[in-house]
Amino acid sequence: MSRVAIFIGSLSDEEKVRPCSELLSTLGISHTFTVTSAHRSAERTEKLVEELEREGCQVFICAAGMAAHLAGAVAARTVKPVIGIPIAASALNGMDALLSTVMMPPGFPVATVALDKAGARNAAWLAAQILALSDPELDERLRAARATFAAEVEAAAAKLEAPKA
Ligand code: RP5
């Protein structure tokens, strides 16, 4: 059973979204990672949402570029949280996808994260935080990860401040 679904609009998005899948795996979160398009495969998208939701999927992550409607199309078909990752895939450098993803009409929210790989990582963190609301063990793992971030900053500061030979 996949707790999270990651949809990308094209295989050309794969490299930028792969960190999302990797991070979910690191956090021990079962997920589906597949290609489906709001425009090129509208029926497949609809069917996937129905099937995955029936099987217990709790969060949908959608990444698409250009006139990015994938997250919105999924949000129209589920009341599970939908996270959108805008992908820079055109001459507009992602501004097109950012606005298409974030500017949803009231009632159909898409929690839009940053563009490309940074957004892909935060989509995984956000999905994990949503799941952790009802999963105390995952909540603990997220707290541990935060402690690691803080320790890394301390280590970096110590390195920078250390007297040079
Ligand atoms: C979007 O169009 C995809 O998500 C991709 O970012 C962009 C270009 O797709 P390809 O022409 O590379 O398949 O639907």
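Throughout what follows, the structure given in this document is the object of discussion. Throughout, residues of each chain are indexed from 1 in the direction in which the sequence is written. Where local features are concerned, this predicted model is filtered to residues with pLDDT of at least 70; where side-chain atom pairs are given and counted, the filter is 80 or more; whole-chain, interface and lining totals use all residues. Side-chain metrics rest on all non-hydrogen atoms present in the structure, leaving aside hydrogens and water.

Looking now at the site of the ligand. Any residue with a heavy atom lying within 4 Å of a molecule or strand is counted as near it. The environment of the ligand is made up of Gly9, Ser10, Ser12, Asp13, Arg40, Ala64, Gly65, Met66 and Ala89. Any N or O atom pair separated by 3.5 Å or less is treated as a polar contact, with the protein-specific requirement of one donor-capable and one acceptor-capable atom, and with residues adjacent in sequence counted only for side-chain atom pairs. Contacts to the ligand include Ser12, whose side-chain N or O atom sits 2.7 Å from an oxygen atom. Taking Asp13, its side chain carries an N or O atom lying 2.6 Å from an oxygen atom of the ligand. Using the Shrake-Rupley algorithm and a 1.4 Å probe, accessible areas are obtained, with residue cover drawn only from the displayed protein chains. Protein contact buries 74% of the 360 Å² of open area that the ligand shows by itself. For the shell around the ligand, the per-class residue count stands at 3 nonpolar, 4 polar and 2 charged. Throughout, the ten residues Ala, Val, Leu, Ile, Met, Phe, Trp, Tyr, Cys and Pro are labelled nonpolar, Asp, Glu, Lys and Arg are labelled charged, and all others, Gly among them, are labelled polar.

In this model, helix H6 (residues 136-161) (26 residues) spans 38 Å end to end at C-alpha, consistent with the 38 Å of a helix rising 1.5 Å per residue. The cut-offs for exposure are 20% and 50% of the maximum accessible area for each residue type, with area from a 1.4 Å probe on protein chains only; residues under the lower value are buried, those over the upper are exposed, and the others partly exposed. Counting from the N terminus, the helices are the DSSP runs of H or I reaching at least four residues and the strands are the DSSP runs of E reaching at least two. Buried within H6 are the following residues: Leu138, Leu142 and Ala145. Contacts are assigned to residue pairs that have any heavy atoms within 4.5 Å of one another. On the buried face of H6, the contacting elements are helix H5 (116-132). Under the convention used throughout, the expected extent of a helix is 1.5 Å for every residue step, that is, one less than its residue count.

For the rest of this paragraph, the subject is the pattern of salt bridges. The rule for a salt bridge is simple: a side-chain nitrogen of Lys or Arg has to be within 4 Å of a carboxyl oxygen of Asp or Glu. Inspection of every chain in the model, using the stated rule, returns 7 salt bridges. Salt-bridge contacts for Lys117 lead to Glu15; the nearest nitrogen and oxygen are separated by 3.1 Å. A residue pair is termed long-range when its members are at least 10 positions apart, and Lys117 in helix H5 and Glu15 in helix H1 (residues 14-26) qualify at 102 residues. Residue Glu15 is classed as exposed on the basis of its relative accessible area of 52%. As a salt-bridge pair, Glu51 and Lys47 come within 3.6 Å of each other at their nearest N and O atoms. Of the two residues, Glu51 and Lys47 both sit in helix H2 (residues 42-54), 4 residues apart, roughly one turn of that helix.

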